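Spelled out from the first residue to the last, the chains are:
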There are 2 protein chains.
Amino acid sequence: MAISSLLLKSYFPLICTKPSLNNKNNTHSNSSILHISLRTNPPHRATTRLSNTHRLSWQNELKNAFQQPPSNQNLIENYSIDQIDKIDDESFQKLVDKKCVDNVRMLIVDAVQNAKAGHPGMAMGMAEVGYYLYRHAMRYNPRNPKWFNRDRFVLSAGHGCLLQYVCLHLAGFESVQIEDLKNLCKLGSRTPGHPENTVTDGIEVTTGPLGQGVANAVGLALAEAHLAARFNKPDCELVDHRVYCIMGDGCAMEGISHEAASLAGHWKLNKLTLIYDDNCNTIDGPTSLTFSEDISARFRALGWNAITVDNIHDNMGSIEDALLSALNETRKPTFIRVKTLIGRLSKKEGTFKSHHGTFGEDDLEEMKRKLKWENQEPFHVIPMVYREMQIQSDQGQKLEREWFSKLDYYKSKYPHQEAAEFEVLLNGGLPSNWESCLPKWSMSDSVDATRGYSEKCLTELAKVLPGLIGGSADLASSNKVYLHDYQDFSVPHSPSGRNIRFGVREHAMAGISNGIALHGSGLIPFAATFLTFSDYMKNSIRLSALSHAGVLYIMTHDSIGLGEDGPTHQPVEQLAGLRAVPRLLVFRPADGNETAGAYKVAIRNREVPSVIALSRQKVAANLEGTSANEVERGGYIVSDNSGRNMPEIILIGTGTELCLCEGSAKMLREEGRKVRVVSLVCWRLFDRQPVEYKEQVFPQGVAKRIGVEAGSPLGWREYVGGEGLVIGVEEFGASGAYLDTFKKFGFTEENVTNVAKSLLEK
Amino acid sequence: MAISSLLLKSYFPLICTKPSLNNKNNTHSNSSILHISLRTNPPHRATTRLSNTHRLSWQNELKNAFQQPPSNQNLIENYSIDQIDKIDDESFQKLVDKKCVDNVRMLIVDAVQNAKAGHPGMAMGMAEVGYYLYRHAMRYNPRNPKWFNRDRFVLSAGHGCLLQYVCLHLAGFESVQIEDLKNLCKLGSRTPGHPENTVTDGIEVTTGPLGQGVANAVGLALAEAHLAARFNKPDCELVDHRVYCIMGDGCAMEGISHEAASLAGHWKLNKLTLIYDDNCNTIDGPTSLTFSEDISARFRALGWNAITVDNIHDNMGSIEDALLSALNETRKPTFIRVKTLIGRLSKKEGTFKSHHGTFGEDDLEEMKRKLKWENQEPFHVIPMVYREMQIQSDQGQKLEREWFSKLDYYKSKYPHQEAAEFEVLLNGGLPSNWESCLPKWSMSDSVDATRGYSEKCLTELAKVLPGLIGGSADLASSNKVYLHDYQDFSVPHSPSGRNIRFGVREHAMAGISNGIALHGSGLIPFAATFLTFSDYMKNSIRLSALSHAGVLYIMTHDSIGLGEDGPTHQPVEQLAGLRAVPRLLVFRPADGNETAGAYKVAIRNREVPSVIALSRQKVAANLEGTSANEVERGGYIVSDNSGRNMPEIILIGTGTELCLCEGSAKMLREEGRKVRVVSLVCWRLFDRQPVEYKEQVFPQGVAKRIGVEAGSPLGWREYVGGEGLVIGVEEFGASGAYLDTFKKFGFTEENVTNVAKSLLEK
């Protein structure tokens, strides 16, 4: 058993039995009125301070910590050893905090020296902030990292992950033991080079690509605001947590953070606190090389409360004041600009040279000397530090217990609609038999574009899936994703609304959707735009896949078939690019039933993101052979007149081009040919089928195959085989009426038929 | 011959012989002091006003225009017909301007009604601004749309292209005839649904995807500032033009525009004027749904001069005042917020309903009635309007002649370094024999990462290519793209510097690079980041390819081989996604010589963008069989011990994995196997080779082939054939030391050898 959990066991009774409630704002002792106290009292003040009993214990440890080596016996910071016993509690707490931060810094240094890798600069510069958040500000329970009502923390400057790993370790998270700190950046470790929520409990989202975390944090705060509006009652606040996000200069420069910040201001997400590590350095040098914004003025212009903390290294209390201001802000998110020294403590302090990499021996010695750490082994933790952090985590555990009592109260008082729905959400958002809501189409139904079928699916899904929430990047009417039976998410008017208006901000839309998905509250976010503009949010889509965020990406206008808007709006390579993203499910349904099937599989896979590519133009027919149920196999036989398993030729289509294949097959069959048509609606799902099934669909003996898809042919060879042909798009599209454009690129029944004949006659 | 050019011929003598220089700032009549006058006089004031002769002619036309139908004889705007002859010149000009704008609006309406497609709303709302720019502000010569020193205009809100098409037509650009306006959005027309520089002369860049144009404009302004600093002399300003960009609400929301605006402010690009069409509407409804920024305050926070124009529809002079402020600003770019009514004139005026689509018959009638246009045929142009616009274009022609005189003077006075270099640039930037500068490597040279080889190539290229300019998104040292012999581009310190510090702004970096490439001045921009973060700029890369912008994308850390930073930083699907982009050349060189070869082909193709993917980790060897010259074939045989053209197996590699193939081949050959190794350094170039060559490299008879690439296997089937195997990466990478990560995913000589053996034994 590692040190931290041992300590939790040994010291727990000592600390928690009689917390001295010397903080005037703390009223948590009475759980029956907790729902009121949580609203009216700043939670980050609601931390237990030292009791007399353990102050004594702390004092001795503090003295011990400073008494090595003996030459330094006479002073602890500015106090003599004797004075320590007499200073007031507040000053004493400052001393303790200071020492804890020292320990945080040394662990960061030790981890980097040991791994010979990693990014110490930001972690050391923000040690005070990280420590303060985990020790004094945030509500969490390390024993249940997924507790619903915890505060969420996002490290958008993901390269500073060591700061978070160290804080998680000191706070008692099982996921980060000293051994894990020693394994930093090692293959298979729980402490990878950037934080990954799927690897380390206590990490909420996967960050590293800069700016993404800011959008994730906005999504987390949106989820909180939305759920609070839907479920909280005057007598019971079930949903009430804050979101803290640390961003660096890089995040501040990335467009996605700006888009997200603009939306957070617009949405008045007052429980969001964004802490900007203004350390004046990026990888290439001082920020003055590339950055001369008045960033606080910018955030104010976006509708934020903006505060500057100038002297964090000398006065940790300054961050407390800023966080209090954030707490008291009821209509705006808060931006706290904290001026720090990157690599604080090292000789490289204040310069970009401390951004990443190890420290020289002399530097290390000097750091240890400064902190009176000379005699300590690497990865030393003063026991007091664990126990100090435990005060906060114990408090979190207490809050969690109280929250579950509250949930019981809620269930008894509001058993029907609200509690039932809330439980569905807590259990992942999928009520039993939800799939049965999906509409079905028959051949005689009037035809529509697949975006039209999608609209009908969404309308039905919204009724049965309480967590379905999302919107479009200013193309709601074109994407057909507006949930007409529901309001807009809008603060303060209708935060319970389930339509999110993202504006023309694709990248933030996807990053925010990741945050909503990873809020872990059964919300099922969808995000819509034209397929071409998936380009604007590619990295966020990738992160959905990497971080198990089951976002539904609804991408309409999915080919050159969009027509007049021309090549800037016509996707060509996007399907190929998205299919190459690991784990991502890319669907291109051919008609209504396949669209319903795509939704079924996409929604069922709550830890996998999906792209559903949909047409602008109407399909030619509701096909007889398509099937919602077959979509989960990724590819299947739609029609075949060969009788046995040996057609002369196989036409393989996706999306609107499947109808072309069917039409062409009809023409060929009329000429006596044995033709099979296959829908390849989701390549990845088909690739996962057993060899036998694949052989059944694409028998090795049938070498004449044609792939028909109005997109890049890249990847099609896998299915058409060495002798097959692909009718695809290898150039950019062209502005023109849809049928003209389709014709120009060979997407007509006649051309498919001619190509098939040429192949048959080979 | 179309109307506009006819008119140019007929009226040219009348208008240009004796321009009345009643504008006190206009001193262009003396070309010998032009270089001074251009600096000291606001060029947009430097337009000729009406001479007495043609005022008379205009008056009659104006009267005629208003006399139909007869019932409206008595009033021209607020003047009676008789008053017209007596009003002062300024008031008369206003009347003329007003009528011209009416005509612009009616052409927009006619084109949309005729095409039953297009976006009239923004075009109609910004008619005054568009007209004012083309008639009074901008310097251009329709007879030479590529004149070097022209002002550049970028319509970032590309859906408003009709405004630009109409202005180009009226100004006399051959590229947009009335017939072209009638062919709006038709396949093959010169008036596609969004502006394309490769289709329509007079369009500088391809826009449509929102926000891109803002970055392009920053690139164009950077090019101007850079070249001006390098070539202008106190007695001869060879480079001196402005950049105007119109953006809409969508552009204002996109992150890329923010990134670009932040850089423009940082770079103090005072010749850049960004005009924001603040029409309070996006596709989904009022901007208030999603946008509550104080946008002027935001731009001020970014270091811009910010001005608001409130009453453009009632007072066109307000835009003149704003543009004057921009002209007088010497240290900041200018942001002009113009409050407009979208769809101005229509019944849908002021609402999102006018954003796109046609107008009802009653609406059309009402519009015509308002403008006294009842009796006009569709696409009617008052002859006066052509001639009015011609005043500006004639002025541009004169400025062009003067500029060429100036160029002659420059050549005679500064014949050596400066003029010679400037001429190289004007001729495309490639001096003869530039390729010979590229370094060569032999097997005995010490090995490096391909990013290291790239650095050596760039160092040499910078010496011989005067236009080579670029930088990194805050990874200069990691990407190894810093040109150590040159300064940073920095205003006012060193605008002649050739290293651009983009900060962590990948998307703007690419959009700005497109602007630099399309400045048409022989500049060869390079843009660098990690390959994974190509995701952040995907749409701009696509636009490079679509708009023939020969940007060099230098993408290092090109696989899971980057190691410790983990899966967020390790590319997997990026190569596949980029290979699917039409036209784009994607190189993944294996060693020094292939890196040099990649640069050679990439730089030679000045109208095609290239991605050069480079490793973080060192290659295993400088290979004997690689060749800089063979890179242009995309794929070639590196080694073969089969003697004849019939190896037992072919190992195909790219990048650092080619060495693995060579190592494995050695092991197999030692066991008596006949093994060929093929480098597939650029798939697209290989695909373009003649069938015979492809057959030579990959003989049909050799079915046993293995593709080895540390990336998504998507697309490899094309080369390994139906029976071949691919050693690729189908999952996300992992944080760990490079060799551990490579081993985990099967990238060792041993594994390649084992896979080869299993295939050989099949």
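Residues numbered from 1 in each chain as written. Chains lettered and ligands numbered in written order. Predicted model: local features only at pLDDT ≥ 70, side-chain atom pairs only at ≥ 80, totals over all residues. Heavy atoms only, no water.

Named according to an unreviewed UniProt entry, chain A is transketolase originating from Manihot esculenta. Under the heading Catalytic activity (unreviewed entry), UniProt records this for chain A: "D-sedoheptulose 7-phosphate + D-glyceraldehyde 3-phosphate = aldehydo-D-ribose 5-phosphate + D-xylulose 5-phosphate". Listed in UniProt under the heading Sequence similarities (unreviewed entry), the comment for chain A reads: "Belongs to the transketolase family." (UniProt positions renumbered as here; feature names shortened; annotations may be inferred.)

In the structure shown here, the tally under the stated rule is 84 salt bridges over all chains. Among the salt bridges present, the one from E460 of chain A reaches K463 of chain A, with a minimum N-O distance of 3.3 Å. Here E460 of chain A pairs with K463 of chain A, and both are found in helix α18 (residues 450-464), just three residues apart, close to one helical turn. Taken together, the shared-partner salt bridges connect D535 and E573 of chain A together with K538 and R542 of chain B into one network. (Salt bridge = Lys/Arg side-chain N within 4 Å of Asp/Glu carboxyl O. Helix = DSSP H or I, 4+ residues; strand = E, 2+ residues; numbered from the N terminus.)

All names here are of chain B. Under the 1.5 Å per step criterion, the end-to-end length of helix α23 (residues 592-604) is 18 Å for 13 residues, consistent within 8% with the ideal 18 Å. Of all the 13 residues making up α23, 12 are buried; the element is thus mostly covered by neighbouring parts of the structure. All of the buried residues along α23 are G592, N593, E594, T595, A596, G597, A598, Y599, K600, V601, A602 and I603. Sitting at the amino-terminal end of α23 is D591, which places a side-chain oxygen 3.4 Å from the backbone nitrogen of N593. (Expected span 1.5 Å × (residues − 1). Buried < 20%, exposed > 50% of the residue type's maximum accessible area, 1.4 Å probe, protein only. Polar contact = N/O pair within 3.5 Å; in protein donor to acceptor, adjacent residues only side chain to side chain.)

As a further point, take the relation of the copies chain B and chain A. Superposing chain B onto chain A takes a rotation of 180° plus a shift of 0.0 Å along the axis, which leaves an RMSD of 0.1 Å. Both copies are brought into coincidence by an operation consistent with a two-fold rotation axis. Both copies contact each other with a shared surface, as 100% of the interface residues of chain B are interface residues in chain A too. (Least-squares fit on C-alpha atoms with pLDDT ≥ 70 in both. Contact = heavy atoms within 4.5 Å.)

Take the UniProt feature "binding site: thiamine diphosphate" (unreviewed entry) in chain A next. Per the UniProt record, "binding site: thiamine diphosphate" (unreviewed entry) is annotated on H159, G208, P209, L210, G250, N279, H355 and F533 of chain A. In three dimensions, the annotated residues from a span of 375 residues occupy distinct locations, with a maximal C-alpha spread of 34.0 Å. Secondary-structure assignment places G208 of chain A in the loop between α9 (178-182) and α10 (212-231). The exposure class of G208 of chain A is buried, given its relative accessible area of 4%. Structurally, F533 of chain A is set in the loop between β10 (524-530) and α21 (538-546). When residues no more than four places from it in sequence are discounted, the contact partners of F533 of chain A are E506, T568 and H569 of chain A together with P209 and N539 of chain B.

The next thing to look at is the domain arrangement of chain A. When its domains are assigned, chain A resolves into domain 1 (89-396), domain 2 (434-613) and domain 3 (631-761). Inter-centroid distance (C-alpha atoms) of domain 1 of chain A to domain 3 of chain A is 52 Å. (Domains from an automatic or database assignment.)

In any sheet, the strands associate via hydrogen bonds between backbone groups, in a parallel or an antiparallel arrangement. All names here are of chain B. Strand order in this open sheet of five strands is β14-β16-β15-β17-β18, and the pairing throughout is mixed. Because the sheet does not close on itself, it has two edges, and the strands there are β14 (636-640) and β18 (725-727). Here the average twist between neighbouring strands, direction ignored, is 25°. (Pairing = 2+ DSSP bridges. Axes fitted to C-alpha atoms, helices over the stretch in contact; angles between N-to-C directions.)

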